[in-house]
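Per-entry structural report
For reference, the chains in residue letters:
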Amino acid sequence: MAPRLQRDEGPGRTLHFVFYNNLQTADGSVRALAPTAPDKAAVCVAFDGLPREADRFVLVAAIDPEINPNADLSGFTDARIRLLDPGMVELGQLEVSDGRADETALVLGSFRRRSNGDWDFVLGGKGYTGGLEELVQDFGIEVD
């Protein structure tokens, strides 16, 4: 899952999700792709196409408790983010956090927009036993 967040804080903050049943943002700047080996998931991000007010792009691993009620992220280990150019040539890899027992959502890391417009990667690691609902609430999003 890849939420894109915008600068404003608290309720009303804009949060866009790309995941298994919502494969791209409305503007197409973030979209899920079919993974190719050795990848398990793939997301294409046009950083220059993100709205100016988008200040971060967060990568999350999550388990759907309705599909897998007894699962957690303890087996989510040794994951990496592979950075590819448009020709699918690998530019580098970023290590991300491992999952832990009882966690059902995990922030792998985020790309944050600097004041000069460049993007930096910040390692995540915060896990949530309450799944995606707890995660989005931590970002200030109200869940009905």
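See above for the structure.
In this report, the structure presented in the accompanying data block is examined. (Residues numbered from 1 in each chain as written. Predicted model: local features only at pLDDT ≥ 70, side-chain atom pairs only at ≥ 80, totals over all residues. Heavy atoms only, no water.)

Looking at the pattern of salt bridges
- Across all of its chains, the model carries 6 salt bridges by this definition.
- Here R100 ties to E103 by a salt bridge, and the two come within 2.9 Å at their closest N and O atoms.
- The class for R100 is partly exposed, based on a relative accessible area of 38%.
- Classification of E103 as buried rests on a relative accessible area of 8%.
- The partner of D138 in a salt bridge is K126, and the shortest N-O contact between them spans 2.9 Å. Taken as a pair, D138 in helix α1 (residues 131-138) and K126 in the loop between β9 (119-123) and β10 (127-128) lie far apart in primary sequence, 12 residues in all.
- The network of salt bridges with shared partners includes D39, R82 and E90. (Salt bridge = Lys/Arg side-chain N within 4 Å of Asp/Glu carboxyl O. Buried < 20%, exposed > 50% of the residue type's maximum accessible area, 1.4 Å probe, protein only. Helix = DSSP H or I, 4+ residues; strand = E, 2+ residues; numbered from the N terminus.)

What to know about the nonpolar core
- With 16 residues, the main nonpolar core has L50, F57, L59, I81, V96, L108 and F111 as its most contacted residues.
- Within the residue set of this core, elements represented by two or more residues are β5 (54-62) and β8 (105-113).
- Among the elements that line this core, the one with the most residues is β5, at 4 residues.
- Of all hydrophobic cores here, the second largest spans 9 residues; its members include V60, V136, F139 and I141. (Core = buried A, V, L, I, M, F, W, Y, C linked by side-chain atoms within 4.5 Å.)

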